[in-house]
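# A closer look at the structure
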Amino acid sequence: MKIGLLRHFKVKLKFPVKPLLSYDEVLGWYEKYNTADVEVKDVDLTGGNWQNCYASPLHRAQVTTQSVYKGEVTIKEVLKELDVLPVLKGTRRKPFLVWGLMLKVHSTRKNYITEKFESGLSAFLDEILQNDKCDVLLICHGFVMTYLQQELRKKGFKGSGFLVPKYGKVYVYENNKIAN
């Protein structure tokens, strides 16, 4: 069985230039990010015989999915990017880069949001392994892919790894003990 992880296309939205941003301004920027245009490009899907495809419901993933996959797609909320911004509500104005660093730190710390995120993805992956007896393509987001990569390795899958997944590239993981 093969599972392909595909990061959505790159989003065409510049970072804010204002020196200090409030929580509401950062939230507004992320809302724009979630609906912004993306840089569509060709994607090499030859790494597997992708018979099932699951995708995040977010706009950037949907545009990517429509561009690269011609079969039926199942939209899964669990594949959405992790949103820890609510944990930072009420904090003071700060540079956008500092907001980004704080989000990164809180994404890796255990809290109610990350625990729900991880358990949801783990259950979803178990469901795929139990029910899908074919090659599966997952179209989602960078942080989601990082967690899925770790889980796939724990479950005996092998594949080319990544530290930061590239936009529009499929990373294929295979487990020969699980028959298609």
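The structure we're discussing is the one just above.
### Some thoughts on the packing of aromatic side chains
Using the criterion set out here, one finds 12 aromatic pairs in the structure. Their ring planes at 35° and their centres at 5.8 Å tell us that F15 and W29 sit as a pair that is tilted. Here F15, found in the loop between β1 (2–7) and α1 (23–33), pairs with W29, found in helix α1; they are 14 residues apart in sequence, far enough to count as distant. Judged by relative accessible area, F15 falls into the exposed class, the value being 60%. Look at W29 and you get buried, because its relative accessible area is 9%. When the ring of F117 is compared with that of F143, the centres are 5.7 Å apart and the planes differ by 35°; the resulting orientation is tilted. Linking F117 in helix α4 (residues 112–131) with F143 in helix α5 (residues 142–154), this pair joins segments that are 26 residues apart in sequence. Overall, F143 belongs to the partly exposed group, its relative accessible area being 23%. Through a chain of ring-to-ring contacts, the aromatic side chains of F15, W29, Y30, Y33 and F96 assemble into a single cluster. We note R7 situated over the ring of Y167; from NZ or CZ to the ring centre the distance is 4.0 Å. Positioned over the ring face of W99 is K94, at 4.4 Å from the centre of the ring.

### Some remarks on the pairing of strand β4 (residues 135–140)
The buried fraction of β4 is high, at six of six residues. Going residue by residue along β4, you find D135, L137 and I139 tucked away on one face and V136, L138 and C140 tucked away on the opposite face as well. Here strand β2 (residues 50–55) pairs with β4 via five bridges, running parallel. Along β4, the bridge assignment pairs W50 with D135.

### Things to note about the packing of α1 against helix α3 (residues 96–108)
Packing of α1 against α3 brings their axes to within 11 Å, and their N-to-C directions diverge by 80°. With respect to α3, the axis of α1 lies roughly perpendicular. Residue-level contacts link Y23, V26, W29 and Y30 of α1 to F96, W99 and L103 of α3. Considered class by class, the residues forming the contact of α1 with α3 number seven nonpolar, no polar and no charged.

Rules of the game
Residues numbered from 1 in each chain as written. Predicted model: local features only at pLDDT ≥ 70, side-chain atom pairs only at ≥ 80, totals over all residues. Heavy atoms only, no water. Phe/Tyr/Trp six-rings, centres within 6.5 Å; stacked < 30°, edge-to-face > 60°. Helix = DSSP H or I, 4+ residues; strand = E, 2+ residues; numbered from the N terminus. Buried < 20%, exposed > 50% of the residue type's maximum accessible area, 1.4 Å probe, protein only. Lys NZ or Arg CZ within 6 Å of the ring centre and 35° of its normal. Pairing = 2+ DSSP bridges. Axes fitted to C-alpha atoms, helices over the stretch in contact; angles between N-to-C directions. Parallel < 35°, antiparallel > 145°, perpendicular 65-115°, else oblique. Contact = heavy atoms within 4.5 Å. Nonpolar A, V, L, I, M, F, W, Y, C, P; charged D, E, K, R; others polar.

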